[in-house]
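For reference, the chains in residue letters:
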Amino acid sequence: MNSIFKNMLSQYSPATKEEKDNATHEVMQQITLAGLYKAGFFEKAAFYGGTCLRIFYGLQRFSEDMDFSLLQPDENFRLENYFDAIIAEFQSLGREITITRKEKKTQTNVESAFLKDNTEIYNLAFTTEKNVKIKIEVDTQPPLGFATEHKLLMLPFSFMVRCYTLPDLYAGKMHAFLFRAWKSRVKGRDWYDFEWYVRNNIALNFRYLQQRAEQINTIKNDDFTIDIFKDLLKEKILKTDINSVKNDVRPFIKNRAEMDIWSADYFLQLVDRINFSSK
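Thresholds applied
Residues numbered from 1 in each chain as written. Predicted model: local features only at pLDDT ≥ 70, side-chain atom pairs only at ≥ 80, totals over all residues. Heavy atoms only, no water. Helix = DSSP H or I, 4+ residues; strand = E, 2+ residues; numbered from the N terminus. Expected span 1.5 Å × (residues − 1). Buried < 20%, exposed > 50% of the residue type's maximum accessible area, 1.4 Å probe, protein only. Phe/Tyr/Trp six-rings, centres within 6.5 Å; stacked < 30°, edge-to-face > 60°. Lys NZ or Arg CZ within 6 Å of the ring centre and 35° of its normal. Core = buried A, V, L, I, M, F, W, Y, C linked by side-chain atoms within 4.5 Å. Contact = heavy atoms within 4.5 Å. Disulfide = S-S within 2.5 Å. Salt bridge = Lys/Arg side-chain N within 4 Å of Asp/Glu carboxyl O.

Comments concerning helix H5 (residues 166–179)
- Compared with the 20 Å implied by 1.5 Å per residue over 14 residues, the 20 Å span of H5 between its first and last C-alpha is a close match.
- Within H5, burial applies to Leu166, Asp168, Leu169, Tyr170, Ala171, Gly172, Lys173, Met174, His175, Ala176, Phe177 and Leu178.

Pasting the structure below:
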C-alpha cells in the first residue's frame, strides 16, 4: 500500500470492519477532492452536503456521497471531463479505480457518477473492501444565493477546496431534511446534522433556504416564512419514527450514546433553538 494512502488511513485507527469501511470511504473522498482540485474543478463548483460538513467543519459522523454545485448554471457541464484527473490522482497513490456514469431514470439537473476502488479485488488481504464506492453528484442548475469559502486539506498534498459557508450548508441541509423524497424511508443522518447545527449555534441562512424551496419545490417566499418552516418541521418530527432515524445513522457514528436523548420532544425543542439569519 502506498505510504501516503496508508498514512491517511492510519489517522482513523479503525477498530472494526465498519469503522475501516468508513475510514476508507473518507480517504477516497479526500483523494477525489485532490484530483478535482488539480483539474480546476473548484473554479466552477463548490462542495456542499454532509461529506463537506464532515471533512471541513468537524461533524462527528461519516458520510458516503459527495455533493457539488456549480457556481453558475451550465446545462453543458459534463462531470466526465474530470474523470481522468481523479483516476490519475488515485494511480499516483498506487490505487486503481473505475468511474461509471449513473444512468438516469428521470431527467434531473444533477450529474451523477459512481467511483469504485478496485485495488482490493486483486489483493487477497482487502477483498472485503471491493464494494466500497462513492457516489458523486453535481447540481448543474443550482439555486443561487449561496456564499463560498476556501478550506485547506493537507493530504495527499496541500490544496484548497471551495466549500459552501456554514449558514448556506445549514440551509441546504434543512431543505433536504424537510423535502427529501424518500417515501417511507428516513435519513437519520439529516437529523444528526440538524442537531449538530443547533448545538453549535450556526446561523441558518433562511433567505437561501427560501430560494431553494422556491426553485426546487415552487414554494413562494410568502408561503414559506420562518413560522411556516418551523411548523412544517414540527409536523415532520411528530410523524417520524425516531427509532428508524437512529437505525439509519447508527453505522456512521462512533459515539452512539449521543442518541440516547433522541425523542420527538427533543427534536421539537431543537426547532425552537434554531438561530435564523437572513443576511
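Describing the packing of aromatic side chains
- Under the definition given, this model contains 31 aromatic pairs.
- On the numbers, 6.1 Å between centres and 45° between planes, the contact of Tyr12 with Phe62 is tilted. Linking Tyr12 in the loop between helix H1 (3–10) and helix H2 (17–38) with Phe62 in the loop between helix H3 (50–57) and strand E2 (66–70), this pair joins segments that are 50 residues apart in sequence. Each member of the pair Tyr12 and Phe62 is classed as buried.
- With centroids separated by 5.1 Å and ring planes inclined at 85°, the aromatic side chains of Phe41 and Phe68 adopt a geometry described as edge-to-face. Of the two residues, Phe41 sits in the loop between H2 and strand E1 (45–48) while Phe68 sits in strand E2, which places them 27 residues apart along the sequence. One exposure class covers both Phe41 and Phe68, and it is buried.
- The lysine or arginine in question, Arg95, covers the ring of Phe5, its NZ or CZ lying 4.0 Å from the ring centre.
- Over the ring of Phe177 we find Lys236, and its NZ or CZ is 6.0 Å from the ring centre.

Examining the nonpolar core
- Ranked by internal contacts, the top residues of the largest apolar core, which has 82 residues, are Leu33, Phe41, Phe47, Phe56, Phe68, Phe194 and Phe229.
- Residues in contact with Phe68, not counting those within four places in the same chain, are Leu33, Leu36, Phe41, Phe42, Ala46, Phe47, Tyr48, Ile136, Glu137, Val138 and Asp139.

Description of the environment of Ser13
- As for its position among the elements, Ser13 is in the loop between H1 and H2.
- We classify Ser13 as exposed; its relative accessible area is 56%.
- With 10 residues separating them along the chain, Ser13 and Ala23 place their C-alpha atoms 8.6 Å apart.

Topic: the state of the cysteines
- One pass over the full model with this rule turns up zero disulfides.
- As a non-bridged cysteine, Cys52 has Cys163 as the owner of its nearest cysteine sulfur, 3.7 Å distant.
- Its relative accessible area of 0% is what places Cys52 among the buried residues.

Overview of the pattern of salt bridges
- Here the structure, examined in full by the defined rule, presents 15 salt bridges.
- Between Lys230 and Asp272 there is a salt bridge whose closest N-O contact spans 3.9 Å. Taken together, the residues Lys230 in helix H8 (residues 226–239) and Asp272 in the loop between helix H10 (264–271) and strand E9 (275–277) connect sequence positions 42 residues apart.
- Assessed through its relative accessible area of 19%, Lys230 is described here as buried.

Purely geometric numbers; function is a separate question.
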